[in-house]
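# Geometric and topological summary
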Amino acid sequence: MPEIIALVVGATAALVAAAVAGLYLWPLGRRKLRLAPTPPLDFAAASSAAARITAAEATDPEVRPESRSRLLSHGTRTARAVLLLHGYTMAPEQYDALAEVFFARGYNVWIPRAPQHGTVDRRAHHRVEAGDLTAYAQQAVTVAAGLGDEVGVVGISGGAVLATWLAQTRGDVVRRLLVLSPFFGPRQAPAFAVRPLITLYGRRVLRDRVTARGYSLVAVTRYLTIVRSLPRRCRRTGLVSAAVAISPLDTVVDPAAAVRVPRRIARANGIDLRVYALPESLGVRHNTLDLAALGDDAVDVLRLYVDLYEGAPTPTSGAADTATVAG
């Protein structure tokens, strides 16, 4: 009998070990998310493409009117254009105030709606797929590239993942990068748990769960899969500025990864990564574009975001606390 028990225990341990090993060895498919560059568009073609997208959304009863894609255009190709990518569970209106600051500085601004977002079905984003997200980002940057001579990307949370992906996969276009509260990893889970999370929920081995914030774990793994698809060795692409803004009160993103990932890209391009930490006194958490939380400091912080994007000098006291970190 003891021998049988020992065999059973040994076999069980072996099965557990094999299952754990499988979680780490199961391939995640790095190459499937890389898309070939699309033909460039001139200003007229880019404007028409944006108009077709916004017109289709205007006639789609599933898209909330306030959440449609937005183009802020000066009516001609400008020296600078910026692509703004909203966060997971959010929609283009998240950028309304920041878009106006960019537009006032002479930018053409394109804010496209992500797949399964901004709809009357508030749970539609649970069904988002990684391939759909990267295709959306690819189309978005192609439109932005036709709107201005120099093009950059700003992304927040999950949108920051896509912005970073574009900075590496569309290095022929993206010259500036600003990521706000970038979701390169969850704060609540240790780094070693991310791969099993992607495997178990991404491949639907486990049934989807929705967090208290309304996040689908399956959908979250789609963004984490894109993070994992970034090149192991970052490419030199011609990026001229890179910056990250985070809040120390953010309970969603891994703060170390928020800086580590864009720092690798900055180093590969021989530039400094600029890091901006919102003061805790503002009470801003994950949504660093939360105007209600920013209150009277909102205008100053939004302008500072644009300064970070442009690589311009920023204040080191007052409403904002900035630090320049070697790339």
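Parameters and conventions
Residues numbered from 1 in each chain as written. Predicted model: local features only at pLDDT ≥ 70, side-chain atom pairs only at ≥ 80, totals over all residues. Heavy atoms only, no water. Phe/Tyr/Trp six-rings, centres within 6.5 Å; stacked < 30°, edge-to-face > 60°. Buried < 20%, exposed > 50% of the residue type's maximum accessible area, 1.4 Å probe, protein only. Helix = DSSP H or I, 4+ residues; strand = E, 2+ residues; numbered from the N terminus. Pairing = 2+ DSSP bridges. Right-handed = clockwise from strand over helix to strand, strands pointing away. pLDDT = per-residue confidence, 0-100. Contact = heavy atoms within 4.5 Å. Polar contact = N/O pair within 3.5 Å; in protein donor to acceptor, adjacent residues only side chain to side chain. Core = buried A, V, L, I, M, F, W, Y, C linked by side-chain atoms within 4.5 Å. Expected span 1.5 Å × (residues − 1). Salt bridge = Lys/Arg side-chain N within 4 Å of Asp/Glu carboxyl O.

## Structural notes on the packing of aromatic side chains
Taken as a whole and assessed by the stated rule, the structure comprises six aromatic pairs. Among the aromatic side chains, those forming a connected cluster through ring pairs are Tyr88, Tyr215 and Tyr223.

## Observations concerning the pairing of strand S7 (residues 273-277)
Within S7, four of the five residues are buried, leaving the element largely enclosed by the surrounding structure. In this sheet, S7 lies alongside strand S6 (residues 241-246) in parallel orientation, the contact comprising five bridges. Looking at the pairing, Ala243 lines up with Arg274 of S7. Taken together, S6, helix H8 (residues 255-268) and S7 form a β-α-β motif whose crossover is right-handed.

## Observations concerning the confidence of the model for the protein chain
Across the protein chain, the average pLDDT comes to 87, with 84% of residues at or above 70. Summarising per-element confidence for the protein chain, the mean pLDDT is lowest in helix H1 (residues 2-25) (35) and highest in strand S3 (residues 108-111) (99). Here residues 1-31 scores under 50 on pLDDT; set against residues more than four positions off or in separate chains, the count is 24 contacts. pLDDT under 50 marks residues 316-327. Its contacts with residues more than four places away, or in other chains, come to 36 contacts.

## Some details on the side chain of Asp307
Positionally, Asp307 belongs in helix H10 (residues 298-310). By relative accessible area, which is 17% here, Asp307 ends up buried. A distance of 3.0 Å separates the side chain of Asp307 from the side chain of Arg105, its partner in a polar contact.

## With respect to the nonpolar core
Judged by nonpolar contacts, the single largest core of 65 residues is most densely connected at Leu83, Leu85, Trp110, Leu166 and Phe183. Counting 31 residues, the second-largest nonpolar core is a separate cluster that includes Val82, Tyr95, Ala99 and Ala243.

## Observations concerning the environment of Cys234
Within the secondary structure layout, Cys234 lies in the loop between helix H7 (217-228) and S6. For Cys234 and Val261, which are 27 residues apart along the polypeptide, the C-alpha to C-alpha distance reads 9.4 Å. Excluding anything up to four places from it in sequence, Cys234 contacts Gln168, Arg264, Ile265 and Ala268.

## Some details on H8
Taking 1.5 Å of rise per residue, the 14 residues of H8 would be expected to cover 20 Å, and the 21 Å separating its terminal C-alpha atoms lies within 8% of that figure. Of the positions making up H8, those classed as buried are Ala257, Ala258, Val259, Val261, Pro262, Ile265, Ala266 and Ala268. In this structure, the buried residues of H8 make contact with helix H5 (158-169), strand S5 (174-180), S6 and S7. The backbone nitrogen of Ala256 has a side-chain oxygen 3.0 Å away, supplied by the residue at the start of H8, namely Asp254.

## Re the pattern of salt bridges
Enumeration over the complete set of coordinates arrives at 12 salt bridges. The salt bridge involving Asp307 is made with Arg105; its shortest N-O contact spans 3.0 Å. Here Asp307 is found in helix H10, whereas its partner Arg105 is found in the loop between helix H3 (96-104) and S3, with 202 residues between them in sequence. Of the charged contacts in the structure, one is a salt bridge between Glu129 and Arg222, with a shortest N-O distance of 3.4 Å. Here Glu129, found in the loop between S3 and helix H4 (130-145), pairs with Arg222, found in helix H7; they are 93 residues apart in sequence, far enough to count as distant. The class of Glu129 is partly exposed, set by a relative accessible area of 33%. One connected set of salt bridges, linked through shared partners, spans Arg80, Arg105, Asp307 and Glu310.

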